[in-house]
Amino acid sequence: MLTGKDGVSGNENNERTMKTIGYAAQSAGDKLEPYHFERRELRPNDVAIEILYCGVCHSDLHQVRNDWGIGLFPMVPGHEIVGKVIAVGDEVTLYKEGDKVAVGCMVDSCQECDQCHGGEEQYCREGMTPTYAGNDRITEELTQGGYSKHVVVREEFVLSIPDNLDLSRVAPLLCAGITTYSPLRTWHVGPGSRVAVIGLGGLGHMAVKLAVGMGAEVTVIGRTDSKREDAMELGADAYLISSDETAMQVAEAGFDLIIDTVPVKHDLTPYLSLLDIDGSLVIVGQIGPLDETNTMPMIFGRRRVAGSLIGGIAETQELLNFCGRKNILPECEIIKMDEINEAFDRMERSDVRYRFVIDMSSLEG
Ligand SMILES: [Zn+2]
Ligand SMILES: [Zn+2]
């Protein structure tokens, strides 16, 4: 493409492109294996990041298996990225070498539509650019995620990490954290709010910690009693068993907001009656069809069912600052890069408390 003064094609380009290594699935359903690839040459507004930690999100597993039919391969997953800045483009003003930074689920958007102007880049009218399994807006090359040593991201999509937070535990805030923080903020949760959280996995445990941090009264809803102790340890005020009809009746009309983190098809009907008049149930787990739902509790109580996708960049920074002030961090199990396939298996069995985080120093260049 480029012809340098010495006439050697591509020389300049090759020198500036950053060679890196990650773990990728070559095609849908493949195991993740070491993968050598290149990060783009720094544009004037780009930040180059050495990745220190990357969280393992349930959606990484869905994407690798192409469960949603939107996978692009080869795929380096990972959108809960924590690292340090190693280089910046000429026009970068927000970051400098050595800064501790984070990148979440998106790396670009149009920056011009009403949603982008309103700080809701996740709902960009042109579609945001996902951190992996997306196409760069300029070159259309595949975006590749955080299961790798380095990433290059435009500065508007880079976040700053408060100094006091333990870097090894920050990563899950970038997806699980913001996914639950955004609806809590959108529905104005604060002291005295009555919040219920359905499911106590990666998302659910963050919802509990964040709602408690906001001063809400928090109840965890589980199918059995098995997670009661965990829920209370995470700071919940009460635990409700959804199969206990008497307890469910007593709890009727008792919540302002329910965060539903269940990742599979399920019936909303039993939960809707738990909402007070004008209450909302927000779905952040299951993407796809639900079981048939009875509209009666909605109509007879102006109750709402809503969905919510991550959060904007400004709100994600607000979350990180909030967690810094309150010292709120996810519960993490640190793994090595080559343990990722086993971690996927365990995640599928819900055998993780509550989020795997890859220590990227375990990946040798
Ligand atoms: Zn995620
Ligand atoms: Zn936009």
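Residues numbered from 1 in each chain as written. Chains lettered and ligands numbered in written order. Predicted model: local features only at pLDDT ≥ 70, side-chain atom pairs only at ≥ 80, totals over all residues. Heavy atoms only, no water.

Recorded in UniProt under Cofactor (unreviewed entry), the annotation for the protein chain is "Zn(2+)". In its Sequence similarities (unreviewed entry) section, the UniProt record describing the protein chain reads: "Belongs to the zinc-containing alcohol dehydrogenase family." (UniProt positions renumbered as here; feature names shortened; annotations may be inferred.)

Asker: Help me understand the overall build of the protein chain in this model?
Answerer: Tallying secondary structure elements over the protein chain gives eleven helices and 17 strands in all. Its C-alpha atoms give the protein chain a radius of gyration of 21 Å, near enough to 21 Å, the size a compact globule of 365 residues would have. Each principal axis of the C-alpha atoms in the protein chain carries an extent, and together these give about 80 × 40 × 40 Å. Considering the protein chain as a whole, with its 365 residues, one finds that 54% of them fall into the buried category. Counting only contacts in the protein chain whose residues sit at least 6 apart along the sequence, the fraction spanning at least 24 positions is 67%. As presented, the protein chain carries roughly 16500 Å² of accessible surface, and 48% of it is formed by carbon and sulfur atoms. If the 33 positive side-chain charges of the protein chain are averaged to one point and the 57 negative ones to another, these points end up 2 Å apart. (Helix = DSSP H or I, 4+ residues; strand = E, 2+ residues; numbered from the N terminus. Rg over C-alpha atoms; globule rule 2.2 N^0.38 Å. Buried < 20%, exposed > 50% of the residue type's maximum accessible area, 1.4 Å probe, protein only. Contact = heavy atoms within 4.5 Å. Areas by Shrake-Rupley, 256 points an atom, 1.4 Å probe, with all protein chains shown as cover. Lys, Arg positive; Asp, Glu negative; His and termini not counted. Charge placed at Lys NZ, Arg CZ, Asp CG, Glu CD.)

Asker: I would appreciate a short explanation of the sheet that holds strand β12 (residues 238-241) in the present structure.
Answerer: Hydrogen bonds between backbone atoms are what pair the strands of a sheet, whose relative direction is either parallel or antiparallel. One open sheet accounts for six strands, arranged β12-β11-β10-β13-β14-β15; its pairing is parallel. The open sheet has two edge strands with one neighbour each: β12 and β15 (304-307). When the angles between neighbouring strand axes are averaged without regard to direction, this sheet yields 25°. Where strand β10 (residues 194-198) lies against strand β13 (residues 255-260), four bridges are found, and the strand directions are parallel. Bridge assignment links Ile198 to a residue of β13, and that residue is Asp260. Running over the sheet, helix α4 (residues 176-186) touches β10, β13 and β14 (275-283) and is turned about 160° from β13. (Pairing = 2+ DSSP bridges. Axes fitted to C-alpha atoms, helices over the stretch in contact; angles between N-to-C directions.)

Asker: I'm lost on the coordination of the zinc ion (ligand 2) in this one. Help?
Answerer: Six octahedral donors at a metal ideally form angles of 90 or 180 degrees, and four tetrahedral donors ideally form angles of 109.5 degrees. Here the zinc ion (ligand 2) is held by the protein donor atoms Cys110 (SG), Cys113 (SG), Cys116 (SG) and Cys124 (SG), which lie 2.3 to 2.4 Å from it. Each of the four donor atoms bound to the zinc ion (ligand 2) contributes to angles spanning 103 to 120°, and the resulting shape is tetrahedral. Mapped onto the sequence, the residues coordinating the zinc ion (ligand 2) show the spacing C-x2-C-x2-C-x7-C. Of this pair, Cys113 sits in the loop between β6 (106-108) and α3 (114-117) while Cys124 sits in the loop between α3 and β7 (129-130), and the two are eleven residues apart along the sequence. (Donors = N, O, S within 2.8 Å, 3.2 Å for Na, K, Ca; no water. Tetrahedral: all angles 85-135°; square planar, octahedral: opposite > 155°, others 65-115°.)

Asker: I would appreciate a short explanation of the domain arrangement of the protein chain in the present structure.
Answerer: Often the size quoted for an interface is simply the accessible area lost on bringing the parts together. Looking at the assigned domains, one finds that the protein chain contains domain 1 (18-174 + 312-362) and domain 2 (176-307). The centre of domain 1, based on its C-alpha atoms, is set 27 Å off from the matching centre of domain 2. In this assembly, 20 residues from domain 1 lie in contact with 18 residues from domain 2. Across the domain 1/domain 2 interface, buried area totals approximately 1700 Å², and carbon plus sulfur atoms make up 57% of it. Interface area lost by domain 1 to domain 2 is led by Glu315, Phe322 and Tyr354, which between them contribute 34%. On the surface where domain 1 and domain 2 come into contact, there are three salt bridges. Two residues, Arg185 and Glu318, come together in a salt bridge whose shortest N-O distance is 2.6 Å. Counting residues per element, the side of domain 1 that touches domain 2 draws most heavily on helix α10 (residues 313-326), at seven residues. (Domains from an automatic or database assignment. Buried area = accessible area lost by both parts, 1.4 Å probe. Salt bridge = Lys/Arg side-chain N within 4 Å of Asp/Glu carboxyl O.)

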